[in-house]
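Okay, here's what each chain looks like letter by letter:
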Amino acid sequence: MPIILHIETSTDICSVALSENNECLFFLSNDEGLNHSKLLAPFVEKALSVLQEKNKKLDAVALSEGPGSYTGLRIGTSVAKGLCYGFDIPLIAVPTLAVMTVEALSKIKTDKPYLLSPMIDARRMEVYTAMYDKKLKIKKEVSAEIITEESFLEDLVKSEIYFFGNGMPKCQSLIQHKNAVFIENIVPLASNMLSLAEDKYTQK
């Protein structure tokens, strides 16, 4: 089964994970701000040292592709592409909003139908968002949305929607519908990329 290095730098959190057969072998993160240019290379070096101790080789690098911070994504992409070129291995792009949704799914305990709307803060009242179902099938593609009291109303009438991410507070202050549910403390982390990246690796 593939051994994959996962890199997540789309927000102010920098994180790296290493997985084999969808099991996490290593994880390290820092949430102290946009220090990715200083932190990412040492994080990757520590992950690769774990691999060296196990006498195993890297099969691919997975990168959280955004949306998110341009600076953070640029740094992550540069490191990921350098590793793939050096090791002659594939680069796997994983949607950041899907990574967040994996974490949210682990916190939802209900059998009722629902949708999930991850949100990354943009400017003013704007967020980057998408819509997923409980099987991580995308229902609405990634878009930039200006949040108003009417946002998501058509979907909220039909079912519960779980909103989360650092753009969620903008939505929480305006949307008062009974089917709007807000989950706090959901951030994109490399440790939540494992299954998404492995699926893409398997599908080539």
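Basis of the calculations
- Residue positions within a chain follow its written sequence, with the count starting from 1.
- Two thresholds apply to this predicted model, a pLDDT of at least 70 for residue-level local features and 80 or more for giving and counting side-chain atom pairs, whereas whole-chain, interface and lining totals are computed over all residues.
- No hydrogens and no water enter the side-chain calculation; it runs on all heavy atoms of the structure.
- Here, nonpolar core refers to any group of buried Ala, Val, Leu, Ile, Met, Phe, Trp, Tyr and Cys residues whose side-chain atoms link them within 4.5 Å.
- When accessible area is computed with a 1.4 Å probe and restricted to protein chains, residues below 20% of their type maximum are described as buried, those above 50% as exposed, and intermediate ones as partly exposed.
- Counting from the N terminus, the helices are the DSSP runs of H or I reaching at least four residues and the strands are the DSSP runs of E reaching at least two.
- In this description, contact between two residues means that some pair of their heavy atoms is separated by no more than 4.5 Å.
- Two strands are counted as paired when DSSP detects at least two bridges linking them.
- For helices, the axis comes from a line fit to the C-alpha atoms of the stretch in contact; other axes are also lines fit to C-alpha atoms, and the angle between any two N-to-C directions lies between 0 and 180 degrees.
- Points on a 1 Å grid over protein atoms alone make up a cavity when a 1.4 Å probe fits among them but cannot get out, and a pocket when they form an open set with protein on both sides within 12 Å along at least five of seven lines; lining residues each have an atom within 4 Å of a point.
- Grid points are joined across faces, edges and corners, and a volume is the space filled by probe spheres set on the points.
- Asp, Glu, Lys and Arg are counted as charged, while Ala, Val, Leu, Ile, Met, Phe, Trp, Tyr, Cys and Pro are counted as nonpolar; the rest, among them Gly, fall into the polar class.
- A helix is expected to span 1.5 Å multiplied by its residue count minus one.
- Directions pointing from the helix axis toward each C-beta atom define the arc.

(A) Representation of the nonpolar core in the model. A62, V94, F164 and I183 are the most contacted members of the largest nonpolar core, which has 26 residues in total. Listing elements by their share of this core, those giving two or more residues are β4 (60-64), β5 (91-94), α3 (96-105), β6 (114-121), β7 (126-132), β9 (160-164) and α6 (194-202). If one sorts the elements of this core by residue count, α3 sits on top with five residues. Discounting residues that sit within four places of it in the chain, V94 has contacts with A62, L63, S64, E65, V99, M193, L196 and A197. Formed by 22 residues, the second largest nonpolar core is a distinct cluster that contains L18, A47, L58 and I89.

(B) Expanded view of the sheet that holds β6. The sheet built from five strands is open, its strands ordered β8-β7-β6-β9-β10 with mixed pairing. Every other strand in the sheet has two partners, leaving β8 (138-146) and β10 (180-183) as the edge strands with one partner each. Put simply, the sheet's adjacent strands are angled 20° from each other on average, direction ignored. Pairing of β9 with β10, which is carried by four bridges, proceeds in the parallel orientation. Bridge pairing links F164 to I183 in β10. Contacts between α3 and the sheet are confined to β6, β7, β8, β9 and β10, with β6 contributing the most and set at about 125° to the helix.

(C) Seen up close, the layout of surface pockets. A volume near 230 Å³ is recorded for the largest pocket. Together, P95, A98, Y132, L136, I138, L196, D199, K200 and Q203 line the largest pocket. Considering every element that reaches the lining of the largest pocket, the biggest residue donor is α6, with three residues. Residues that form the lining of the largest pocket fall into these classes: six nonpolar, one polar and two charged. By residue number, the principal contributor to the lining of the second largest pocket is helix α1 (residues 36-53), which donates five residues. Its residues assigned to classes, the lining of the second largest pocket shows five nonpolar, two polar and three charged.

(D) Structural view of α1. Taking 1.5 Å per residue, 18 residues should reach 26 Å; α1 reaches 25 Å between its end C-alpha atoms and fits that length. Buried within α1 are the following residues: H36, L39, L40, F43, V44, A47, V50 and L51. Buried residues of α1 fall within an arc of 125° about the axis and therefore sit on the same side. Within α1, the exposed residues directed more than 90 degrees away from the buried face are S37, K38, E45, Q52 and E53. Of the surrounding elements, those touching the buried residues of α1 are β1 (3-8), β2 (14-20), β3 (23-30) and α2 (70-87). One or two positions beyond α1, positive phi appears at N55, with a value near 55°.

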